[in-house]
Amino acid sequence: MNDSSTRLAPGWPGIPPRWTSSAKTGVGTALNQHSKVWFTLSHGILNEVYFPRVDQACTRDLGFLVTDGRGFFSEEKRHCTFENRPFESGVPAFELTNTEISGRYRIRKEIFTDPYRNVVLQKIRFEPLQGQLSDYRLHALLSPHLANFGNGNTGWIGDYKGLPLFLAEHGGTALALASSAPWKKMSVGFVGTSDGWQDLSEHFQMEWEYLRAENGNIACTGEIDLLACNGEFVLALGFGGIWSEAGQQVRSSLLEDYNDLRKHYVMHWKTWQDTLLKLDEPGRENDLYRPSAAVLRTHESKDFLGGIIASLSIPWGFNKGDEDLGGYHLVWPRDLVETAGALLAAGAENDAVRVLRYLESTQEAAGNWAQNLWLDGRPYWSGIQMDETAFPILLLDLLHRESAHGLGKLERWWPMVRNAASFILRNGPVTQQDRWEEDGGYSPFTLAAEISALLAAAEIAELTGHSDASSTLRDAADAWNDNIERWVYATGGELAQQIGVEGYYVRIAPPDTDDAAASPTQGFVPIKNRPPGQDMQRAFQIVSPDSLALVRFGLRAADDPRILNTVRVIDALLRVQLPQGPCWYRYNGDGYGEHKDGSAFDGSGIGRPWPLLAGERAHYELAAGRPKEAEALLSMMEKCTSGNGRLLPEQVWDADDIPALELFRGKPTGSACPLVWAHSEYIKLRRSLRDGKIFDQPPQTVQRYLVEKPVRQVFGWRFNNKTRSVPRNKKLRIVLLNPALVHWSIDGWNSSHDTNTRDTGLGIYTLDLPTASLSGGSKVVFTFYWPQENRWEGKDYSVVVE
């Protein structure tokens, strides 16, 4: 390999890049703002490492290849059994033990990040179980995917102040890999053509020593001098804006005392864990409280404080390339509020307040929050989910009740609340997307969140001296609450008859339009992630555990007959018995999951059970006065982890085992793992069980709808909810987004009236028509003159008194 013409790697640009397994067994970062690097683990090796932000992946993986120089080839991540233990409970630093399946060698690792530098450290010990150390050759294999891209990476062999390094750059981000032991050989090549895996699997020793591979999908391979270090050494993977910065970080880490860095990393985490409520006393056999708390903090940004991403994983990442830029390392406002609630439940008040401040700064000018976003606030997807605008109001309300001292003056938060509530008033009650990001219409979960947020906002308005807004907010909440059954409760029909109930809440009902059936539940709902021809169902045919939010948020009692009916239907259609207990699907017909044969979700598939839904069901059982059932579901969640990784997945496998695809009944699928939302639900359930009540239930809804039960006087009409009838004894409230002159009549235009709408100061303009005094069968007709545009609507609308 001395000819200089052969030192540039051939085979450009390499095969198309792919991310790696989403089934993580560990995630971690230093608990300070100095070290802006995060790591993930799976199959006994380092997976994606993130730098300089928790939403920017920079590697695919870093593992070892073992050969004997003659005919033995073993890849650590494919040919070993794995053990994974944290240094201490609640400290996201890990001891890994990987044993070759035929018993030839064992690799022990300690993995954590330098608490003061952008470096991931691995202390490695290679142990020959058959033969001598000299019989083996150990090779590190690193796959850079800098700045969220596998393509376009350039790598080379270099040094920093004499320290030999693998270096790579792309998009203003660089990495450096160094070893405390000497490298015997080093090479950089293109994946699938000239990388070290190809070389070693064919030759059993490194015959290629390429110095550089440019602008492609690259891999770095280096042979460790095992005899020089007696099988024990430290690998340092560092990052920076340019190669020299990454090199300096790596060299600096290697010059420090390894044990001191390890001690400081652990100390920082233990200090934080010691501040939390001891919800883990007495202890449990498979206790996830401390690991869950660590998962929450590990996913927080160190630049955009309070910004917490959904998962340090890419679902079915092994099947996805650069086209899936975001994965789950994005902020979802709904998940973020769930996480803040869990932090508060654990006693981490300051951490929860940081989340609220982050939400305050990333609120859109219109008052809503983006469907999901990069940490700097740039929207990623463009959907509107009304619950994501409601949740920040509910978080403020929860913090005000549980941690008033951390908030400062409540008045400071009124602009955020006013703008969010205004957006809900202007755009609700229908949502463009439900919480599963699939369908628009009337969603029980979204309605529960909206109504609760409006009541909380009304209370905040009064407490901050804006009582003029409170009546508008409460009237809207009351009107929407009064219509929940009209919109999403299906009565009669084949399914009700089959289960033996009078009716049930549906998953979602399409928006009411002029040509819709009498009830929204009769309309059609598109089922996403399903093949063509199987993607449309009547709303009354689809149910979801989402409707239990009506109890969780305090709008309906746990023993309400309509809730009890719905629970029977949910359990008949969506409950599945796993080895560790029951779990639930998102809805019948869900297509978000692996195919029947276990192959990866690729735009269609079969939805699998979600452990977080067991946590939500446990909260319902607690509300229903069945704490033992809630405890059993907590235990079910604790057994959904893989091995001793202690991480909760998005979904678990529900069919027969498929060992070749690592799919085992009741264990994680290829979906996101960990899912921060699932860990958040677990922590909140621990708090709720300790308190004997639902921790995050808004008190305003309980007091108003379960205790006081006021008679509602108002029934709304708006352009996104053009009701065709109004109950007797209720006044019809016209709700518009712009001021208008309403031209109306209650006697078929024999006489008419012109009345201006009222500006509520919350972005809507209202007018109450006197339908409460009309007899059944009477009709009110109206149209609009829009003064800002100097035009008439050109169409009449009518509403019949029931």
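Anyway, here's the lowdown on the structure attached to this text. From a predicted model like this one, the values you see are computed outputs, not experimental measurements.

1. Section: the pattern of salt bridges
Considering all chains together, one arrives at 64 salt bridges under this definition. One salt bridge in this structure joins Lys 24 and Glu 48, with 2.6 Å as the shortest N-O distance. Highlighted residues: Lys 24 in the segment before β1 (26–29) and Glu 48 in strand β3 (residues 45–50), separated in sequence by 24 residues. One exposure class covers both Lys 24 and Glu 48, and it is buried. One salt bridge in this structure joins Lys 270 and Glu 88, with 3.3 Å as the shortest N-O distance. On the criterion of sequence distance, the pair formed by Lys 270 in helix α4 (residues 258–273) and Glu 88 in strand β6 (residues 80–88) is long-range, its members being 182 residues apart. Salt bridges sharing partners connect three or more residues here, namely Asp 434, Glu 438, Asp 439, Arg 507, Arg 586 and Asp 590.

2. Some points on the packing of helix α11 (residues 444–463) against helix α20 (residues 699–708)
Orientation of α11 relative to α20, taken along the N-to-C sense of each, is 100°, at an axis distance of 8 Å. Between α11 and α20, the angle falls in the class roughly perpendicular. Each of Ile 451, Ser 452, Leu 455, Ala 456 and Glu 459 in α11 lies in contact with α20, whose residues at this interface are Gln 700, Thr 701, Arg 704 and Tyr 705. For the contact of α11 with α20, a count of residues per class yields 4 nonpolar, 3 polar and 2 charged.

3. Considerations on unusual backbone geometry
Residue Glu 281 is joined to Pro 282 through a cis peptide bond whose omega torsion reads -5°. Along the chain, Pro 282 turns up in the loop between α4 and α5 (289–298). Residues other than glycine seldom take positive phi values, yet Asn 230 does so here, at roughly 55°. Relative to the elements of secondary structure, Asn 230 occurs in the loop between α2 (226–229) and β17 (232–240). Using a relative accessible area of 64% as the deciding quantity, one classes Asn 230 as exposed. Backbone geometry places Asn 729, a non-glycine residue, at a positive phi of 70°. Looking at the element boundaries, Asn 729 is found in the loop between β25 (725–726) and β26 (731–736).

4. Details of the packing of aromatic side chains
Counted by the stated rule, this structure contains 38 aromatic pairs. For the ring pair Phe 73 and Trp 197, a centre distance of 5.5 Å and an interplane angle of 85° mean the geometry is edge-to-face. Note that Phe 73 is positioned in strand β5 (residues 73–75) and Trp 197 in helix α1 (residues 196–203), a separation of 124 residues in sequence. Taking the relative accessible area as the measure of exposure, Phe 73 reaches 18% and is therefore buried. The exposure class of Trp 197 is partly exposed, given its relative accessible area of 29%. Among the aromatic residues, those joined into a ring-pair cluster are Trp 717, Phe 719, Phe 782, Phe 784, Trp 786 and Tyr 797.

Cut-offs used in this document
- Residues numbered from 1 in each chain as written.
- Predicted model: local features only at pLDDT ≥ 70, side-chain atom pairs only at ≥ 80, totals over all residues.
- Heavy atoms only, no water.
- Salt bridge = Lys/Arg side-chain N within 4 Å of Asp/Glu carboxyl O.
- Helix = DSSP H or I, 4+ residues; strand = E, 2+ residues; numbered from the N terminus.
- Buried < 20%, exposed > 50% of the residue type's maximum accessible area, 1.4 Å probe, protein only.
- Axes fitted to C-alpha atoms, helices over the stretch in contact; angles between N-to-C directions.
- Parallel < 35°, antiparallel > 145°, perpendicular 65-115°, else oblique.
- Contact = heavy atoms within 4.5 Å.
- Nonpolar A, V, L, I, M, F, W, Y, C, P; charged D, E, K, R; others polar.
- Phe/Tyr/Trp six-rings, centres within 6.5 Å; stacked < 30°, edge-to-face > 60°.

Functional significance is not addressed by these values, which are geometric in nature.
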